[in-house]
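# Geometric and topological summary
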Amino acid sequence: MPDSKHQDHLQSNLKQELIAGIIGYLTTMYIIVVNGSILSEAGISIESGMIATILASFVGTLIMGIVGKLPLILIPGMGINALFAYSIVQGTNLSFQEGLAVILIAAVIFLITAFTKLGVILKDAIPSSLKHAITVGLGFFLILIGLEKSGLVKSGTNTIVAIGDFTSPTVIVSLLTLFLAIFLFVKNIPANFLLTMIAGTILTSIAGIIETGNKALSITWDELLFLPSFSAINELSFWLAVFPLAMILIFENMGLLHGQLDMLQRDKSYKRAYQVTAFSTITCAFFGTSPTVSAAENAAVIASKGKTGKTAVIAGVLFLGTLFIIPWITMIPNTAISPILIIVGFLMVQNIRHLPLDDLSEALPAFLIVVMIPFTYSIADGMAFGFIAYPIVKFAIGKQRELSTALVVISGLFLFDFIMKIIGI
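Residues numbered from 1 in each chain as written. Predicted model: local features only at pLDDT ≥ 70, side-chain atom pairs only at ≥ 80, totals over all residues. Heavy atoms only, no water.

## Digging into the overall build of the protein
Looking only at helices and strands, the protein has 18 helices and four strands in total. Since a compact globule built from 425 residues should have a radius of gyration of about 22 Å, the 22 Å found for the protein is in line with a globular shape. Along the longest, intermediate and shortest principal axes, the C-alpha atoms of the protein span 75 × 60 × 45 Å. The long-range share in the protein, meaning contacts at least 24 apart out of those at least 6 apart in sequence, stands at 80%. Summed over all atoms, the accessible surface of the protein reaches about 19,000 Å², with 67% contributed by carbon and sulfur. Charged side chains in the protein number 22 positive and 23 negative. The centres of these two groups are separated by 12 Å. (Helix = DSSP H or I, 4+ residues; strand = E, 2+ residues; numbered from the N terminus. Rg over C-alpha atoms; globule rule 2.2 N^0.38 Å. Contact = heavy atoms within 4.5 Å. Areas by Shrake-Rupley, 256 points an atom, 1.4 Å probe, with all protein chains shown as cover. Lys, Arg positive; Asp, Glu negative; His and termini not counted. Charge placed at Lys NZ, Arg CZ, Asp CG, Glu CD.)

## Some remarks on the packing of helix 4 (residues 80-90) against helix 5 (residues 96-115)
The description of two helices packed together rests on the angle between their axes and the distance between the axes. Running from amino to carboxyl end, helix 4 crosses helix 5 at an angle of 110°, the nearest separation of the two axes being 10 Å. Taken together, the axes of helix 4 and helix 5 lie roughly perpendicular to each other. For the pair helix 4 and helix 5, contact is made by Phe84, Ile88 and Val89 and by Phe96, Gly99, Leu100, Val102 and Ile103, respectively. Across the contact of helix 4 with helix 5, the residue classes break down as seven nonpolar, one polar and no charged. (Axes fitted to C-alpha atoms, helices over the stretch in contact; angles between N-to-C directions. Parallel < 35°, antiparallel > 145°, perpendicular 65-115°, else oblique. Nonpolar A, V, L, I, M, F, W, Y, C, P; charged D, E, K, R; others polar.)

## Considerations on helix 9 (residues 192-206)
Here helix 9 is 15 residues long and its end C-alpha atoms lie 21 Å apart, about the 21 Å a rise of 1.5 Å per residue gives. Glycine 208 lies just past helix 9 and shows a positive phi near 75°. (Expected span 1.5 Å × (residues − 1).)

## Remarks on the environment of valine 301
Looking at where valine 301 falls in the secondary structure, it is placed in helix 12 (residues 298-303). Taking the relative accessible area as the measure of exposure, valine 301 reaches 1% and is therefore buried. Taking the C-alpha atoms as reference points, valine 301 and leucine 72, separated by 229 residues in sequence, lie 7.6 Å from one another. Apart from the residues lying within four places of it in its own chain, the contact partners of valine 301 are Ala20, Gly24, Pro71, Ile73, Gly306 and Thr311. (Buried < 20%, exposed > 50% of the residue type's maximum accessible area, 1.4 Å probe, protein only.)

## Focus: the packing of aromatic side chains
For the structure shown, the criterion picks out 11 aromatic pairs. Seen from their ring centres, phenylalanine 84 and phenylalanine 96 are 5.6 Å apart, and the 75° between their planes marks the pair as edge-to-face. Of this pair, phenylalanine 84 sits in helix 4 while phenylalanine 96 is found in helix 5, placing the two residues 12 residues apart along the sequence. Looking at phenylalanine 84, the relative accessible area reads 0%, which means it is buried. (Phe/Tyr/Trp six-rings, centres within 6.5 Å; stacked < 30°, edge-to-face > 60°.)

## Regarding the environment of threonine 28
Looking at the element boundaries, threonine 28 is found in helix 1 (residues 2-28). The class of threonine 28 is buried, set by a relative accessible area of 1%. Between the alpha carbons of threonine 28 and valine 293 there is a distance of 12 Å; along the sequence they are 265 residues apart. The residues touching threonine 28, leaving out its near neighbours within four places in the chain, are Ile73, Ile75, Ala295, Glu297 and Phe319.

## Section: the nonpolar core
Within the largest apolar cluster, 120 residues are counted, with the highest numbers of intra-cluster contacts made by Phe84, Leu245, Met383 and Phe387. No other element matches the 14 residues that helix 10 (residues 236-264) contributes to this core. (Core = buried A, V, L, I, M, F, W, Y, C linked by side-chain atoms within 4.5 Å.)

## So, the pattern of salt bridges
For the structure shown, the criterion picks out three salt bridges. Of the charged contacts, one joins lysine 149 and glutamate 41 as a salt bridge, the two residues approaching to 3.6 Å between their closest N and O atoms. In this pair, lysine 149 sits in helix 7 (residues 128-150) while glutamate 41 sits in the loop between helix 2 (30-40) and helix 3 (46-68), placing the two residues 108 residues apart along the sequence. Its salt-bridge partner being lysine 394, residue glutamate 362 comes within 2.9 Å of it at the nearest N-O pair. Of this pair, glutamate 362 sits in helix 16 (residues 360-376) while lysine 394 sits in helix 17 (residues 379-396), placing them 32 residues apart in sequence. The class for glutamate 362 is buried, based on a relative accessible area of 11%. The exposure class assigned to lysine 394 is buried, which follows from its relative accessible area of 0%. Sharing partners across several salt bridges, the network here consists of Glu362, Lys394 and Glu402. (Salt bridge = Lys/Arg side-chain N within 4 Å of Asp/Glu carboxyl O.)

## Considering helix 4
Every α-helix winds through 3.6 residues per turn, so residues three or four apart in the chain are directed the same way. The buried fraction of helix 4 is high, at 10 of 11 residues. In this fold, the buried residues of helix 4 make contact with helix 2, helix 5, helix 7, helix 10, strand 4 (292-294) and helix 17.

## Some points on a nonpolar patch on the surface
Judged by side-chain polarity, Val108, Ile112, Leu118 and Ile121 come together as a nonpolar surface patch covering roughly 310 Å² of accessible area. Elements with a contribution of two residues or more to the nonpolar patch: helix 5 and helix 6 (118-125). The residue isoleucine 112 is located in helix 5 in this model. (Patch = residues over 30% accessible without salt bridge, like charges linked within 9 Å, V, L, I, M, F, W, Y side chains within 5 Å.)

Structural data, given as structure tokens:
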């Protein structure tokens, strides 16, 4: 009898892990389409972007399950992908391969912090107000991108931004999909983002504005693996792209992992999880995608009773299986993707509640980051405004003792970059 009970218990646990793995996959599958779409803005085909996303998610999640022994899914991070596509590649005129070199070096810095005390030093050097401001600024940036992709806003004739054409079938479908996405999200319907994409695609098809295209996968094997190019490594803009990416990778993963492991009541596993996450980002430079992070949707995995690495392995295998349906998921239109960008952006903007608005020496630089990221359409430039302003404000009110040496150096680098841009170097 004890053996029978033990076997039943194992079967129950395996079933529990299987369900949690499937739920984790379904709640994060949207990233394949969304990330592929954003990567296409950096100069590769959307098919290549999807395949890169799948492979990076598969490998990262599999390693987390086998080595980390944790039920955590790793996927390319929202916000980080926008930083890569719009600021690192488009904003600095780097090629896609040169952008991957930026990812590789930032990932190596991330990895070093995972195995040394450098992570703690950097964590203490950057004020929390600036960290939260970066997240909020990224959120507004994603909202702006979502609004643009949906057609709800456009470039104005006499203004920077104008309202879109609400008689356009594309805008009407985008609005309907957005309302549905909000309803599913606030109702906390499982896999709500996936359902949003399916519904949005159906509505676009009914409206007759979907691009059916060719269902054959038009991609060659040499597009599946990328070699980062270091041809721009001697340029200042290259290194000023490395720093914000490395910083966001470090701080975002610190926050995500602490919260998720606290839910799992496995705080002692933090170091191993952090190291696995850091290693996963290095593989992204060769798969051709922006870096992976521990998915925010892991909260759903944990709530589904996922407790061991088996959950992650199951989710990783399901990600790999998605390769066989790429010809169909490439048909998902912007009208189905944009509501997800808007909602994810909103979730990031909620961090504004952590800004110390009663302390102007903290709030003013943070506000500059929040505003300038979407208004300059550059995450790196937006960050620069806040980092340059921070020590200036502190000196102005006699609080220079609150400045760390590392922060002053970082601010100086941002200022130097601005000066070089002004004089045309």
